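Chain by chain, the residues:
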Amino acid sequence: MSNVINEDIIPQQQVGGSSDTSALKELADEDQAKAFYSIVKNRLLNVNEWEKIGGLLSADFRLCDEHGKEVNRLIKENDHFKIDVPGPGTVTGDGYDWVQVESIDESSSEHEEMTAIKVRPATNPTNEKTDVAHFFSNSATSSFIIERKNNVITAGVHGRNEKPNAQAEKTIDKARNTAMAAVAITGFSKIQWQGLVDGLVKE
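Residues numbered from 1 in each chain as written. Predicted model: local features only at pLDDT ≥ 70, side-chain atom pairs only at ≥ 80, totals over all residues. Heavy atoms only, no water.

**Student:** Would you mind going over the overall build of the chain with me for this structure?
**Tutor:** Counting secondary structure elements, the chain contains three helices and seven strands. For the chain, the α and β elements follow one another from N to C terminus as β-α-α-β-β-β-β-β-β-α. The buried share of the chain, reckoned over its 203 residues, is 49%. Looking at the chain alone, contacts between residues at least 24 apart form 64% of all its contacts between residues at least 6 apart. As displayed, the chain offers around 9,800 Å² of accessible surface, 48% of which is attributable to carbon and sulfur atoms. (Helix = DSSP H or I, 4+ residues; strand = E, 2+ residues; numbered from the N terminus. Buried < 20%, exposed > 50% of the residue type's maximum accessible area, 1.4 Å probe, protein only. Contact = heavy atoms within 4.5 Å. Areas by Shrake-Rupley, 256 points an atom, 1.4 Å probe, with all protein chains shown as cover.)

Written out as structure tokens, the structure is:
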């Protein structure tokens, strides 16, 4: 399935930091793997449950529509995540970090299946501020991917082009973003994402 995961799903690394985090589950046979893949896919698309799935070190993820209104449903393109990470939030984000869903891709064949979500730091859709409300700049992306190959299911999170957001309007946000990005790049994000991918493929 590597031919399916192209730069539209995981962009080429060009600037800043990057990370790759994954977990896998091997099932007894392909029929069991197909059934379990459906469960894993539902977990991936149900963003409001990610905090429970990710465990104690997870941020709180709330799914919002394109206007920033919280919704309780599976994810769609152009939705937003409102993320409450440990520590102070941004002024422009009303205390939260915001990302927008750029794409949701799916593919399947007899022995392979894939679902992928790509998000990018975004402005806060609930106010008039125009600066990105996230500690990373909008060069960054996060790609959340589940795959089934025969009887093996893999969950992965792939961060690319992760740079501190130094373009915030508020000086306090610039300082906060620089500090939070440094923590994320040096390992906290990977710890959080490991909890998520482990939880996605947990029976």
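**Student:** Looking at this model, I keep getting lost on the environment of G54. Mind explaining?
**Tutor:** Position of G54 among the secondary structure elements: in helix α2 (residues 50-54). Its relative accessible area of 14% is what places G54 among the buried residues. When neighbours within four sequence positions are excluded, G54 is seen to be in contact with G195 and L196.

**Student:** So what exactly am I meant to see when it comes to a nonpolar patch on the surface here?
**Tutor:** Taken together, the side chains of L56, L57 and I191 make up a nonpolar region of the molecular surface, amounting to roughly 370 Å² of accessible area. With respect to the secondary-structure elements, L56 resides in the loop between α2 and β2 (60-64). Taking relative accessible area as the criterion, L56 reaches 90% and is therefore assigned exposed. (Patch = residues over 30% accessible without salt bridge, like charges linked within 9 Å, V, L, I, M, F, W, Y side chains within 5 Å. Salt bridge = Lys/Arg side-chain N within 4 Å of Asp/Glu carboxyl O.)

**Student:** Honestly, the packing of aromatic side chains in this entry has me stumped. Any pointers?
**Tutor:** Two aromatic rings, taken as a pair, are described by how far apart their centres are and by the angle between their planes. Scanning the entire structure with this criterion turns up seven aromatic pairs. Taking 5.4 Å as the distance between ring centres and 70 degrees as the angle between the ring planes, the aromatic pair formed by W50 and F61 counts as edge-to-face. Remark: F61 occurs in strand β2 and W50 occurs in helix α2; sequence separation between them is 11 residues. Here the aromatic rings of F61 and F81 are separated by 6.4 Å at their centres, their planes lie at 90 degrees, and the arrangement is edge-to-face. Highlighted residues: F61 in strand β2 and F81 in strand β3 (residues 80-84), separated in sequence by 20 residues. For F81, a relative accessible area of 1% corresponds to the buried category. By way of ring pairs, the aromatic residues W50, F61, F81, F144 and W193 are connected into one cluster. The side chain of K82 reaches across the aromatic face of Y96, ending 4.7 Å from its centre. (Phe/Tyr/Trp six-rings, centres within 6.5 Å; stacked < 30°, edge-to-face > 60°. Lys NZ or Arg CZ within 6 Å of the ring centre and 35° of its normal.)

**Student:** Teacher, can you tell me more about the sheet that holds strand β1 (residues 17-26) here?
**Tutor:** Picture the strands of a sheet paired through backbone hydrogen bonds; they go either parallel or antiparallel. The strand order across the open sheet built from seven strands is β1-β7-β6-β5-β4-β3-β2, with neighbouring strands paired in antiparallel fashion. Edge positions in the sheet fall to β1 and β2, since each has one partner strand and no second. Neighbour-to-neighbour, the strand axes of this sheet turn through a mean angle of 20 degrees, independent of strand direction. Relative to β3, β2 is paired through five bridges, and the arrangement is antiparallel. Its bridge partner being in β3, D60 is matched across the sheet by D84. Its contacts with the sheet place helix α1 (residues 30-45) against β1, β4 (97-108), β5 (112-121), β6 (141-149) and β7 (152-162), and it is angled at close to 160 degrees to β6. (Pairing = 2+ DSSP bridges. Axes fitted to C-alpha atoms, helices over the stretch in contact; angles between N-to-C directions.)

**Student:** Whenever I open this one, the nonpolar core confuses me. Can you help?
**Tutor:** Soluble globular proteins tend to bury their nonpolar side chains together. W50, F61, I75, F81, I117, F144 and L196 are the most contacted members of the largest nonpolar core, which has 36 residues in total. Counting residues per element, this core draws most heavily on α1, at six residues. What F61 contacts, discounting residues up to four positions off in sequence, is V47, N48, W50, F81, K82, I83, Q192 and W193. Among the nonpolar cores identified, the runner-up in size contains five residues, and I10, M114, A116 and I145 belong to it. (Core = buried A, V, L, I, M, F, W, Y, C linked by side-chain atoms within 4.5 Å.)

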